[in-house]
There are 2 protein chains.
Amino acid sequence: MNAITPLTAAAPTFADVRRAASVLEGVARRTPVMTSRTADARTGATIFFKCENFQRMGAFKFRGAYFAIASLPAEAKARGALAFSSGNHAQGMALAGQLLGVPVTILMPKDAPAAKIEATRGYGAEVILFDRYAQDREALARQLASERGMTLIPPFDHPDILAGQGTAALELLEETGPLDMLFVCLGGGGLLSGCALAAHALSPGIAVIGVEPEAGDDGRQSFLSGQIVRIGVPKTIADGAQTAALGEITFPLIRRDVADIVTVSDAELVEAMRFFAERMKMVVEPTGCLSAAAVFNARLPVAGKRVGVIVSGGNVDLASFARLVA
Amino acid sequence: MNAITPLTAAAPTFADVRRAASVLEGVARRTPVMTSRTADARTGATIFFKCENFQRMGAFKFRGAYFAIASLPAEAKARGALAFSSGNHAQGMALAGQLLGVPVTILMPKDAPAAKIEATRGYGAEVILFDRYAQDREALARQLASERGMTLIPPFDHPDILAGQGTAALELLEETGPLDMLFVCLGGGGLLSGCALAAHALSPGIAVIGVEPEAGDDGRQSFLSGQIVRIGVPKTIADGAQTAALGEITFPLIRRDVADIVTVSDAELVEAMRFFAERMKMVVEPTGCLSAAAVFNARLPVAGKRVGVIVSGGNVDLASFARLVA
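Since we're looking at a predicted model, the values are computed, not measured.

As a further point, take the overall build of chain A. When you go through chain A residue by residue, the secondary structure sums to 14 helices and 10 strands. For chain A, whose C-alpha radius of gyration is 18 Å, the value lies close to the compact-globule estimate of 20 Å for 326 residues. Projecting the C-alpha coordinates of chain A onto the three principal axes gives extents of approximately 55 × 45 × 40 Å. Burial statistics for chain A: of 326 residues in total, 61% are counted as buried. When contacts within chain A are restricted to residue pairs at least 6 apart in sequence, long-range pairs at least 24 apart make up 73% of them. Carbon and sulfur atoms form 51% of the exposed surface of chain A, whose accessible area is close to 11800 Å². When the 31 positive and 32 negative side-chain charges of chain A are each reduced to one mean point, those points stand 3 Å apart.

Looking now at the pairing of strand β4 (residues 104-109) of chain A. Residue and element names in this part refer to chain A. Most of β4 is tucked away: 6 of the 6 residues are buried. Neither face of β4 is left uncovered, since the one carrying Val104, Ile106 and Met108 and the one carrying Thr105, Leu107 and Pro109 both have all their residues buried. As judged from the 4 bridges shared by strand β3 (residues 81-84) and β4, these two strands associate in the parallel manner. Pairing of Leu82 across the sheet is with Thr105, part of β4. In this region the chain leaves β3, passes through helix α5 (residues 88-100) and returns to the parallel neighbour β4; the handedness of that crossover is right-handed. With 5 bridges connecting them, β4 and strand β5 (residues 126-130) associate as parallel partners. Note that in β5 the partner of Met108 across the bridge is Leu129.

All names here are of chain A. Split into domains, chain A comes out as domain 1 (14-60 + 158-325) and domain 2 (61-152). Computed from C-alpha atoms alone, the centre-to-centre distance between domain 1 and domain 2 is 24 Å. Facing the 28 residues of domain 1 at the interface are 18 residues of domain 2. Summed over both sides, the interface between domain 1 and domain 2 buries roughly 1800 Å², with carbon and sulfur atoms accounting for 65% of that surface. Seen at the junction of domain 1 and domain 2, the total is 2 salt bridges.

What follows is about the pairing of strand β9 (residues 260-264) of chain B. Residues and elements named next belong to chain B. Of all 5 residues in β9, 4 are buried; the element is thus mostly enclosed. Bridge analysis of strand β8 (residues 207-213) against β9 gives 5 bridges, and the strand direction is parallel. Residue pairing in the sheet places Pro213 in a bridge with Val264 of β9.

Take the sheet that holds β5(A) next. The strands making up a sheet associate through hydrogen bonds between their backbones, and the pairing can be parallel or antiparallel. Residues and elements named next belong to chain A. Strands sit in the order β5-β4-β3-β6 across an open sheet of 4 strands; the sheet is parallel. Both outer strands of the open sheet, β5 and β6 (151-152), are each paired with one neighbouring strand and no more. Where β3 and β6 come together, 2 bridges link them in parallel fashion. Bridged to Leu82 within β6 is Leu152. Its contacts with the sheet put α5 on β3 and β4, and the angle it makes with β4 is roughly 160 degrees. Here helix α7 (residues 137-148) sits on the sheet and contacts β3, β4, β5 and β6; the angle it forms with β3, its principal contact strand, is near 170 degrees.

Evaluated as defined, the whole model comprises 14 aromatic pairs over all chains. Among the aromatic side chains, those forming a connected cluster through ring pairs are Phe49(A), Phe275(A), Phe276(A) and Phe296(A).

This part takes up the relation of the copies chain B and chain A. Expressed as a screw transformation, the operator carrying chain B onto chain A has a rotation angle of 180 degrees and an axial translation of 0.0 Å, and the superposed copies differ by an RMSD of 0.0 Å. In the structure described here, the two chain copies are related by an operation that fits a two-fold rotation axis. Looking at the interface residues of chain B, 100% of them are also at the interface in chain A, so both copies use one shared face.

A few words now on the packing of helix α3 (residues 61-70) of chain B against helix α5 (residues 88-100) of chain B. Residue and element names in this part refer to chain B. At a minimum axis separation of 8 Å, α3 and α5 run at an interaxial angle of 45 degrees. As summarised for this structure, α3 and α5 are arranged oblique, according to the angle between their axes. When you trace α3 past α5, the crossing you get is right-handed. On α5, the residues touching Lys61, Phe62, Ala65, Tyr66, Ile69 and Ala70 of α3 are Asn88, His89, Gly92, Met93, Leu95, Ala96, Gly97, Leu99 and Leu100.

Joining two cysteines, a disulfide is a covalent bond between their sulfur atoms. Taken as a whole, this structure holds 0 disulfides over all chains when the rule is applied. A disulfide-free cysteine, Cys289(A) has its sulfur positioned 10 Å from the sulfur of Cys185(A), the nearest such atom. Note on Cys289(A): relative accessible area 0%, which makes it buried. This cysteine, Cys195(B), is not joined by any disulfide, and Cys185(B) carries the nearest cysteine sulfur, 8.5 Å off. Using a relative accessible area of 0% as the deciding quantity, one classes Cys195(B) as buried.

What counts and how
- Residues numbered from 1 in each chain as written.
- Chains lettered and ligands numbered in written order.
- Predicted model: local features only at pLDDT ≥ 70, side-chain atom pairs only at ≥ 80, totals over all residues.
- Heavy atoms only, no water.
- Helix = DSSP H or I, 4+ residues; strand = E, 2+ residues; numbered from the N terminus.
- Rg over C-alpha atoms; globule rule 2.2 N^0.38 Å.
- Buried < 20%, exposed > 50% of the residue type's maximum accessible area, 1.4 Å probe, protein only.
- Contact = heavy atoms within 4.5 Å.
- Areas by Shrake-Rupley, 256 points an atom, 1.4 Å probe, with all protein chains shown as cover.
- Lys, Arg positive; Asp, Glu negative; His and termini not counted.
- Charge placed at Lys NZ, Arg CZ, Asp CG, Glu CD.
- Pairing = 2+ DSSP bridges.
- Right-handed = clockwise from strand over helix to strand, strands pointing away.
- Domains from an automatic or database assignment.
- Buried area = accessible area lost by both parts, 1.4 Å probe.
- Salt bridge = Lys/Arg side-chain N within 4 Å of Asp/Glu carboxyl O.
- Axes fitted to C-alpha atoms, helices over the stretch in contact; angles between N-to-C directions.
- Phe/Tyr/Trp six-rings, centres within 6.5 Å; stacked < 30°, edge-to-face > 60°.
- Least-squares fit on C-alpha atoms with pLDDT ≥ 70 in both.
- Parallel < 35°, antiparallel > 145°, perpendicular 65-115°, else oblique.
- Left-handed = near helix turned anticlockwise from the far one by under 90°.
- Disulfide = S-S within 2.5 Å.

Next comes the structure, spelled out in C-alpha cells:
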C-alpha cells in the first residue's frame, strides 16, 4: 500500500532504531524470547513471543522514554521533561529521568489508581494531579512546559519515542532471524511503526500486522481510508490502547510499512491472558495480549509461518488480574 | 558438617550432572535467569532467579524425569516406566516418555484435581487411578511394575533424577559465574542435592541452603539430628514439598554439601508469590516460592552477597493463584 499521507520530515529511519539500541544497551533489559509448544500446536505456526512484560518498569515504554530523554540537549536535560499519562509512559519517563538525572514531571488525572501515582512518584518523578473533567490536560501540559522551560515528551508521536520502541523488534529479530509475520499491538502507533522499521530492515518481505481492540479501531479505519480517523475514547480492557487517533508521525509510517490492521475482542484478550498465565506462567496486561490474541484467534492465516508476537507489557494490578483470569 | 550417614554407592557426582546436561541439551529449556532491582534493594543482595517455572511442563521436574528415562537400557525402555505422583513428577515423566517414545504409566489418587489427570493424559501417559484411603500406592506401584516389567522411577531418591535436577544450578552458574549463596526448595531433596553437586563444582565455597515449609521441617530435623526424621504429611500450600522424609540417596549428600536448612511460613510464600506476580510478572507456584521467601525474609544474612535462587515451578491452577494473590 503506498502512502497517501506523506512522511513527515521528523520520520525516523532504521538508523535511528540502531542508534536507540546502542543508547539502551545495558540500560533496558534484553527481554527473553519465549516459545510455547501448546501455542504452536494450536495455531500451526512457530511463534516467538518477545516478552516486554519483563522489561524494566514492566513494559516496552521504558525504551522510548529513555531514548527520548537521553537524546535531549544538555540544557533541556537540566530543565527537565514533562509528560501527561496515567499509564506506562508515565512510569517509563519517571524511571528514565531518575536514571539519567533529569527532572521529570508527570501530569496525571487525580482519579488515577493510587498505586500508579505512587509507582510514578516511587521512580522519583514529580506528579501533578489534575481534574480530567474540568481541565484540558494538553493545555495544562503546554502551560507548565512553557512556564518551567521543560520539554514535553508525548507518548507516541515523537521520532525518538518511536525509534526507541523499535528496539524491541530489533532484539527479537536478532535472536530469531527472519520471520514471516510480526504482530504488534496498536494504540497511537509508536511501537508499531518503530517495530516495522526494524522488521523490514532485518527481515525483508515480513508482513507487519497491527492489532487493536475492537472497540477502538480508529487505526484500522485510518489505515483503510488513508486519513487519520479520530474516535471517542474506546471502552476496552486494553487500557494502553485507548488512544483516540494515530499520530502525524506514526500514521504515514504505518501506511507505508504495515501490511494490515486487525482487531480482537475483550473476551479474546482475557482468553489470551489466561493462556499466558496458565501455560506460559507469565502475567501480561490486557493491552499486552492484543498481538497474541490476533494470532490465537486466526485473524490472519499463520499456519506454517514463523511468527513474531510482541508481548508489550505486564502492568495490571493483581486484583484486576485475579478477577480476569480466575 | 561431616557426613554421619555414609554416602550410598548410588550417589551421583558432578560428572553425572554434566552427563545429564548433555542429554538434556536442546530438549529441556535453558530457562532465563531474571533479576529484580526491587528485590535487590529490599535485601541488599544481588539476586539471580533461575526461572524453572518456564521449564517444559512448568517445573524443573522435567529435567530429572527425562534424564532418568533416557538412561534406561533399551529393553527397559521398551517395557516402559512407572511413577506414582499427583504432582510435577507425574507430568515430567509423562512428557519425557512421550518425547522418548517410552510408555509411561502414572498412578494417581482418584481424587487428584481433574486438570492434573487430564494434563498427564494429555502428555500421552496412561493414568491409573487408585483410592488413597483404601490402597497403598507403593505396594500397588511395585505390583504393577512387577506384572508389567516396567521400571519404577521415584520422584527424588534416584541418582539420575538427582543428577538431572542438578542441571538447573549448572545452567545458573554458567550464566552468573560464582555466587556466595544458593537457595533451593526442599521436599525429598532431589533438586537440593543435585544443585549442591553442581554448585560446589562451579563455585567453590558457595553456601547451599535448603528451604522447607515450616509445617514440613523434616529435612531440617534430619539435617540437625544426623538421621532421617519422618513426619506426617505436612499441611502447607507448598504441595510440592509435602514429603514425609528425605531419601536414602539424597540425605547423605545434603549432610555433606548443604550449609543450612531454613523454613518459611505459608504467609511468607503467599507474599513471595504476590511479589513475583506484581513486580516480576511471573506465575510461581507456592513450592516455587520457598527459596525466594527465605531470601526476602532474611532467614540468613544476604546483604552484600551474590545470591542464586531456584524458582522451581509455576504449576498452580488459576483459581487458586487468583485467590492467593488477589
